[in-house]
Amino acid sequence: MFSKACEYGIRATIHLARLSEKDQRSSLKEVAKAIDSPVAFTGKILQSLARNGIILSIKGPTGGYEISKSKLSTITLSEIVDAIDGDNIYKGCGLGLKNCNESKPCPMHFQFKAIRDDLKQMLEVTTVQGLANELHSGLAFLKR
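So, here's what we can say about the structure.

## A closer look at unusual backbone geometry
Although it is not a glycine, Asp-23 sits at a positive phi angle of roughly 60°. Structurally, Asp-23 is set in the loop between helix H1 (4-21) and helix H2 (28-35). The class of Asp-23 is exposed, set by a relative accessible area of 63%. Phi at Asp-36 takes a positive value of approximately 60°, unusual for a residue other than glycine. Structurally, Asp-36 can be placed in the loop between H2 and helix H3 (39-51). Take Asp-36: its relative accessible area is 54%, and that puts it in the exposed class.

Written as structure tokens, this is what we have:
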């Protein structure tokens, strides 16, 4: 459903949220290792997240990536998805047709639209901090 970049972006942001709660930063290599992603690909994803104001990129010998404490509780999954994949996930046809819409629906249009709407709602209310808390409590994990 999400692009690979978006999947890694969500994982990276959750990882950084967990560290940022403890006032820690993470290097590019550390993030890539924590989310099991290639370093170069992770770098591009982190740049996109930083450009969109989701994470901070700190330069210098003590630099790295972090999330501002003031933003930790407000970042939602929809912000990450928008930053990396845009809003196409909320518009696409379940059968991949280009002109599927309310007036010319595919056979799955209305069922798939309901799923897309539910997905959008979930992404808008799910915070990164909530997911990071699940990691902390051991209820979830970022890699196997």
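## Quick notes on the pattern of salt bridges
By the definition in use, this model includes 5 salt bridges. Residue Lys-4 pairs with Glu-7 through a salt bridge whose shortest N-O separation is 3.2 Å. Of this pair, Lys-4 and Glu-7 both sit in helix H1, 3 residues apart, roughly one helical turn. Under the relative-accessibility criterion, Lys-4 is labelled partly exposed at 45%.

## Focus: the packing of aromatic side chains
What the rule picks out here adds up to 1 aromatic pair. Taken together, a centroid distance of 5.7 Å and an interplanar angle of 80° make the contact between Tyr-8 and Phe-41 edge-to-face. Residue Tyr-8 is found in helix H1, and its partner Phe-41 is found in helix H3; the two are separated by 33 residues along the sequence. For Tyr-8, a relative accessible area of 10% puts it in the buried group. When the ring centre of Tyr-90 is taken as origin, the NZ or CZ atom of Lys-120, which lies over that ring, is 5.3 Å away.

## Section: H2
Regarding H2, the residues found buried are Val-31, Ala-32, Ala-34 and Ile-35. Summarising the axial view, the buried residues of H2 lie within an arc of 165°, below the 170-degree limit, and thus occupy one face. Residues of H2 that are exposed and point over 90 degrees away from its buried face: Lys-29 and Lys-33. Looking at the buried positions of H2, the neighbouring elements they touch are H1 and H3. Within two residues after H2, Asp-36 carries a phi angle of roughly 60°, on the positive side.

Thresholds, definitions, all that
- Residues numbered from 1 in each chain as written.
- Predicted model: local features only at pLDDT ≥ 70, side-chain atom pairs only at ≥ 80, totals over all residues.
- Heavy atoms only, no water.
- Helix = DSSP H or I, 4+ residues; strand = E, 2+ residues; numbered from the N terminus.
- Buried < 20%, exposed > 50% of the residue type's maximum accessible area, 1.4 Å probe, protein only.
- Salt bridge = Lys/Arg side-chain N within 4 Å of Asp/Glu carboxyl O.
- Phe/Tyr/Trp six-rings, centres within 6.5 Å; stacked < 30°, edge-to-face > 60°.
- Lys NZ or Arg CZ within 6 Å of the ring centre and 35° of its normal.
- Arc of directions from axis to C-beta.
- Contact = heavy atoms within 4.5 Å.

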